[in-house]
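Observations on the three-dimensional arrangement
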Amino acid sequence: MLLSLKGNFPSAILALADGTVFVGNSIGAQGTTVGEVVFNTSLTGYQEILTDPSYCQQIVTLTYPHIGNYGVNPEDVEADKIHAAGLIIKNLPLLASNFRSTQTLSEYLAEGKTVAIANIDTRKLTRLLRDHGAQNGAIVGLAAGEEVTQAKIDEAIAAAKAAPSMKGLDLAKVVTTDESYAWTETEWKLGQGYGQLENPKFHVVAYDFGVKSNILRMLAERGCKLTVVPAQTPAKDVLALNPDGVFLSNGPGDPAPCDYAIAAAQEIMAAKVPLFGICLGHQIMALASGAKTFKMQNSHHGANHPVKDLDTGRVSITSQNHGFAVELETLPANLRATHVSLFDGTLQGLERTDVPAFCFQGHPEASPGPHDIAYLFDRFTALMEKN
């Protein structure tokens, strides 16, 4: 527990926009970071969470009390860097033990210039966020020997209040790739690592709105040769590649300002090319079809969310990471619900009835999380086979 490490780790301050303050220990980079503070209920997968581009400009609170016990390694990343604005945990274990570990969590955070705080009451913080909704916050990691003063606390509160609202923020074009690239890496296997696609069956163009690597791997595992394109790529350029299918990726921020992505999705669906969207891609497909989205009071972040398939009655435990959702009441006649959350009834899946297109709100790539909903990738390949 960090109680025994106070002398080794400098102090840190977490301030929320409502004036709530927590004082703990800095376990990452020195400095100040701001963002929307959310909580994630996953028991494992902190490295995948930190590197998920969907967490851009968000500070993640992990509700599981012991984080860092298996260290980090070069393989368990979802992007080329840490995208989360900051990290909040309860206890940092004294020992990081795993045969794949190459660094401690604290070393990884410092190297990635990520500000993080530990040794605070994350249960109290989680209850506050649960009852009142996500809000902006700031973490201040102090230098060794620097003391917490009222002036520093006031500065932290001011920084939290000055942080921009997530509503209205187009972050997909912030995290997207600069140039198109090919992807052929397949899923990880114990003792073998990641594989390579050898006999592609389909060519899929994937829009990168903040795509996670394991989504691409699971598509490649199913025979998809991927061309990943920047978020603002016009539909005509994608259709010129004559793809068997188009994929709309996950990503951060508010989907409504992504007019370029909405317009592209409309053109692709009009061309009747099979389309599959995940997370932000789900919301963009819905907006492109005429539905509306809204900012949730209690966003979904974790690996234990039950989702019901309305067609089969099957309930899957899923991984979730989103703060916006599609309004059920705004679905047009050609867009039907296929999945709903059993936590709060929000929409989790949609399907167009007039063109080959469907989408899912959660994260079927299970990184981190369960594998229950991975059948959606098979549904996409079956859709391409049919068309």
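Moving on: the packing of aromatic side chains. Applying the stated rule across the entire model yields six aromatic pairs. Here the aromatic rings of Tyr207 and Phe209 are separated by 5.7 Å at their centres, their planes lie at 15°, and the arrangement is stacked. Residue class for Tyr207 comes out buried when judged on its relative accessible area of 0%. The side chain of Arg100 reaches across the aromatic face of Trp188, ending 4.5 Å from its centre.

What follows deals with a nonpolar patch on the surface. Taken together, the side chains of Phe99, Trp188 and Leu190 make up a nonpolar region of the molecular surface, amounting to roughly 380 Å² of accessible area. Checked against the element boundaries, Leu190 lands in the loop between strand 9 (185–189) and strand 10 (193–196).

Turning our eyes to something else, we now look at helix 3 (residues 122–132). Among the residues making up helix 3, those that are buried are Thr122, Leu125, Thr126, Leu128 and Leu129. Down the axis, helix 3 shows its buried residues gathered within 160° of arc, on one side only. The N-cap of helix 3, judged by a side-chain oxygen 3.2 Å from the amide nitrogen of Arg123 a few residues on, is Asp121. After helix 3 finishes, the residue Gly133 shows a positive phi value of roughly 90°.

Taken as a whole and judged by the stated rule, the model has zero disulfides. No disulfide involves Cys224; its sulfur sits 18 Å from that of Cys359, the nearest cysteine. Cysteine Cys359 is unpaired, with the sulfur of Cys279 as its nearest cysteine sulfur at 11 Å. Judged by its relative accessible area of 2%, Cys359 falls in the buried class.

Attention now moves to the sheet that holds strand 3 (residues 31–40). If you walk around this closed barrel you meet the seven strands as 1-2-6-5-4-3-7, and the pairing is mixed. Between one strand axis and the next, the sheet turns through 35° on average, direction left out of account. Pairing geometry for strand 1 (residues 11–16) and strand 2 (residues 21–26), over five bridges, is antiparallel. Residue pairing for strand 2: Ala15 is matched across the bridge by Val21. The sheet contacts of helix 4 (residues 150–162) involve strand 1, strand 2, strand 3 and strand 7 (135–141), and relative to strand 1 the element is tilted by about 45°.

By the element assignment, Gln58 lies in strand 4 (residues 58–62). C-alpha separation for the pair Gln58 and Ala118, spaced 60 residues apart in sequence, amounts to 17 Å. Among residues more than four places away in sequence, those in contact with Gln58 are Glu36, Val38, Ala84, Ala85, Gly86, Met166, His301 and Asn321.

Here is what the cut-offs are and how they apply
Residues numbered from 1 in each chain as written. Predicted model: local features only at pLDDT ≥ 70, side-chain atom pairs only at ≥ 80, totals over all residues. Heavy atoms only, no water. Phe/Tyr/Trp six-rings, centres within 6.5 Å; stacked < 30°, edge-to-face > 60°. Buried < 20%, exposed > 50% of the residue type's maximum accessible area, 1.4 Å probe, protein only. Lys NZ or Arg CZ within 6 Å of the ring centre and 35° of its normal. Patch = residues over 30% accessible without salt bridge, like charges linked within 9 Å, V, L, I, M, F, W, Y side chains within 5 Å. Areas by Shrake-Rupley, 256 points an atom, 1.4 Å probe, with all protein chains shown as cover. Salt bridge = Lys/Arg side-chain N within 4 Å of Asp/Glu carboxyl O. Helix = DSSP H or I, 4+ residues; strand = E, 2+ residues; numbered from the N terminus. Arc of directions from axis to C-beta. Polar contact = N/O pair within 3.5 Å; in protein donor to acceptor, adjacent residues only side chain to side chain. Disulfide = S-S within 2.5 Å. Pairing = 2+ DSSP bridges. Axes fitted to C-alpha atoms, helices over the stretch in contact; angles between N-to-C directions. Contact = heavy atoms within 4.5 Å.

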